[in-house]
Structures are given as C-alpha cells and as structure tokens.
Amino acid sequence: MTFSGNTADNRGGGMGSDNNSSPTLANVTFDGNSSSFYGGGMYNRTSSPTLVNVTFRGNTAGMGGGGMYNYLSTPTLASVTFSENTAESHDGGGMVSDHSSPSLTNVTFSGNTAGRSGGGIYSANFSDGPTGSPVLTNVTFSGNTAGYGGGMSNMYNSNPRLANVSFSGNTAINGGGMENYTSSPTLVNVTFSGNVATSYGGGMYNWNNSSPAVANTIVWGNTPATD
C-alpha cells in the first residue's frame, strides 16, 4: 500500500492517528506527502502505532517532522526507512519525538534535512508534562543535514538509549552526528565517522549540562576532530 502525494493543511499529510489509536502498518510506503505544519508523512498524537517494513520517502512538513511527528505517543518501528524527508523551517527532517517514547529497531535515516535541528531525529520534552525518550537499536544515520544535530538532536531532558547505532556523513553547524542540550543519552556500541560540523563537534556536541553515558563507542574521522 502506498500513501502518495497527499496534502494536509495542518498535520499528517499521509496519515494521522489520534486519541489512543493503535494502527498496524506493514509493507507500506509514504511517498511525497506534505503538511503545512507537522508530520509530512504521518502524525501521531496520544497513539501507539506499529510499523513494520515501512518507507517514508520525500515527504515534507512546513515546520517539523518531515517523515513522522510523534506527540505523547509510543510508536514501535521495525525495519523502517526514512529517506529524503524535509522539515522546512524547524526540526526533525526524518522524525520528531515530542514528549514521546518511540522504539526503533533496524531503522535507517538517510538524506533527511531539517531547517533547524535534528536532520534524522529531533527528540525533546518542550514544557511541563510527561517526559519521553526514544530507544534505538541497530539504527543507521547517514547523510542527514540540519543546522544543529545533523543526525540526531536531543533537547530539554530527552535521554534516549542507543545500542548498535552508527552516524556517518551527517552535517550541521554544531554536532555533525549528534547534538545534546540539557540531555544525557546512553550510548553503547555507537560509531561516529565522517560527520562534519562547520563550527563545533563533528561527531557529538554537548552543551548546557548534558552528560551522555558512553561505552564501547568509536569516534573517528569527524570534522572538526575536537568532538
């Protein structure tokens, strides 16, 4: 099944899930959908969708979440690809996790673009309320671009857990691979290679009381080299 070329004035160009919805999607493609605000491909609010073998390609959001926007949601993604999605003016070219806890396994983010932060993923807890943090296992970030956090941006007490994750060839002003602001992710078996920051932190940029926990992680060949 393919959702292609659909447009929403507000949220969820391809599909929207709301009010404790739990759809299951398998072998589905979201291609070339757009939304004026959030979730060019898919928008989830207080929902728990399950996605297996799903592709988000070439979707666009005017503000955030080119591929997918999650708010107060717990989606489960397995064997999902986000490629060439765009958040034009704000965050999360591939995905936004807003007060949400998505679970990602065998997921790829490639060639996504955000106008501000998080070319691949933007994860944040913007204000008072329940906090959420993504869990990433066997995930690849390659060739994503943003102003800050080319591969991934973690903001406002978002503390994701990453295991067996690679960041390669991502680009940003600060944090070519990853940016952390008041956030402390846990990284195990993570590789940062060939990422580029035009200012600070080719591989990773930590600021404002961010204290990531890092184990068995490789940082090499990033620019600048002082990560």
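Residues numbered from 1 in each chain as written. Predicted model: local features only at pLDDT ≥ 70, side-chain atom pairs only at ≥ 80, totals over all residues. Heavy atoms only, no water.

1. Some thoughts on the overall build of the chain
How we decide: Helix and strand definitions follow DSSP, with helices as H or I runs of at least four residues and strands as E runs of at least two, each counted in order from the N terminus. Under the scheme applied here, a residue whose accessible area is under 20% of the maximum for its type counts as buried, over 50% as exposed, and between as partly exposed, the area being computed with a 1.4 Å probe on protein chains only. Contact definition: two residues touch when any of their heavy atoms are within 4.5 Å.
Broken down by element type, the chain carries zero helices and 25 strands. Referenced to the eigenvectors of the C-alpha coordinate spread, the extents of the chain come out at roughly 45 × 30 × 30 Å. A burial count over the chain gives 50% of its 227 residues as buried. For the chain, long-range pairs separated by at least 24 residues make up 83% of all intrachain contacts whose partners lie at least 6 apart in sequence.

2. Notes on the pattern of salt bridges
Which entries qualify depends on this criterion: Salt bridges are defined as contacts in which a side-chain nitrogen from Lys or Arg sits within 4 Å of a carboxyl oxygen from Asp or Glu.
Per the counting criterion, the structure on display carries three salt bridges. In this structure, the salt-bridge partner of Asp18 is Arg45, at a minimum N-O distance of 3.3 Å. Of this pair, Asp18 sits in strand E3 (residues 15-18) while Arg45 sits in strand E6 (residues 42-45); the two residues are 27 residues apart in sequence, bridging distant segments of the chain. Accessibility expressed as a relative area gives 40% for Asp18, which makes it partly exposed.

3. A look at the pairing of strand E18 (residues 161-168)
What counts, and what does not: A pair of strands is treated as paired once DSSP finds two or more bridges between them.
Across seven bridges, strand E16 (residues 135-142) lies against E18 in parallel orientation. Each bridged residue has a counterpart across the sheet, and for Val139 the counterpart in E18 is Val165. Pairing geometry for E18 and strand E21 (residues 186-193), over seven bridges, is parallel. Bridge pairing links Ser168 to Ser193 in E21.

4. Here's the deal with the environment of Ala87
With respect to the helices and strands, the residue Ala87 is situated in strand E11 (residues 86-87). Residues Ala87 and Gly221 lie 134 residues apart in sequence; the distance between their C-alpha atoms is 28 Å. For Ala87, the contacting residues outside a window of four places in its chain are Ala61, Met63, Gly64, Gly65, Gly66, Gly92, Gly93, Thr113, Ala114 and Gly115.

5. Regarding the sheet that holds E3
Short version of the rule: Every angle, taken between N-to-C directions, lies between 0 and 180 degrees, and every axis is a line fitted to C-alpha atoms, over only the stretch in contact when it is a helix.
The eight strands are arranged E3-E6-E9-E12-E15-E17-E20-E23 in an open sheet whose pairing can be described as parallel. Among the strands making up the open sheet, the edge pair consists of E3 and strand E23 (204-207). In this sheet, neighbouring strand axes are inclined to one another by 5° on average, regardless of whether the strands run parallel or antiparallel.

6. Focus: the side chain of Glu179
In plain terms, the rule: Charge assignment in this entry is limited to Lys and Arg as positive and Asp and Glu as negative, and neither His nor the chain termini are counted. Between N or O atoms, a polar contact is any pair within 3.5 Å; within protein, one atom must be a potential hydrogen donor and the other a potential acceptor, and residues adjacent in sequence are included only when both atoms are from side chains.
Within the element layout of this structure, Glu179 appears in strand E20 (residues 178-181). No salt bridge is formed by the buried Glu179; the nearest opposite charge belongs to Arg116, separated by 8.7 Å. Reaching out from Glu179, the side chain makes a polar contact with the side chain of Trp207 at a distance of 3.3 Å. Every residue in contact with Glu179, bar those within four places of it in the chain, is listed here: Ser117, Tyr148, Gly149, Met152, Ser153, Asn154, Met155, Asn174, Tyr205 and Trp207.

7. What about the sheet that holds strand E5 (residues 34-35)?
Sheet architecture is open: five strands sit in the order E2-E5-E8-E11-E14, paired in parallel fashion. Looking at the sheet topology across the chains shown, the edges are occupied by strand E2 (7-8) and strand E14 (113-114). Alignment of E11 against E14, held across two bridges, turns out to be parallel. Looking at E14, one finds that Thr86 is bridged to Thr113.

8. A few points about unusual backbone geometry
Residue Pro224 is bonded to the preceding Thr223 through a cis peptide linkage, with omega at -5°. Its location among the elements puts Pro224 in the segment after strand E25 (218-220). Positive phi values are uncommon outside glycine, yet Thr46 reaches one of about 45°. Its place among the elements puts Thr46 in the loop between E6 and strand E7 (50-57). With a phi close to 55°, Asn189 is a non-glycine residue in the positive phi region.

9. Quick word on the packing of aromatic side chains
Cut-off, in case you're wondering: Here is the rule: rings of Phe, Tyr and Trp (six-membered ring for Trp) pair when centre to centre is within 6.5 Å. Planes less than 30 degrees apart are stacked, more than 60 are edge-to-face, and the remainder are tilted.
All chains considered together, the criterion is met by 14 aromatic pairs. Residues Phe30 and Phe56 carry aromatic rings whose centres are separated by 4.7 Å and whose planes lie at 5° to one another, so their mutual orientation is stacked. In this pair, Phe30 is assigned in strand E4 (residues 24-31) and Phe56 in strand E7, connecting sequence segments 26 residues apart. Residue Phe30 is classed as buried on the basis of its relative accessible area, which comes to 0%. Owing to a relative accessible area of 0%, Phe56 belongs among the buried residues under this scheme. Ring centres 4.6 Å apart and planes at 0° place the aromatic pair Phe141 and Phe167 in the stacked group. Separated by 26 residues along the polypeptide, Phe141 in strand E16 and Phe167 in strand E18 bring together distant segments of the chain.

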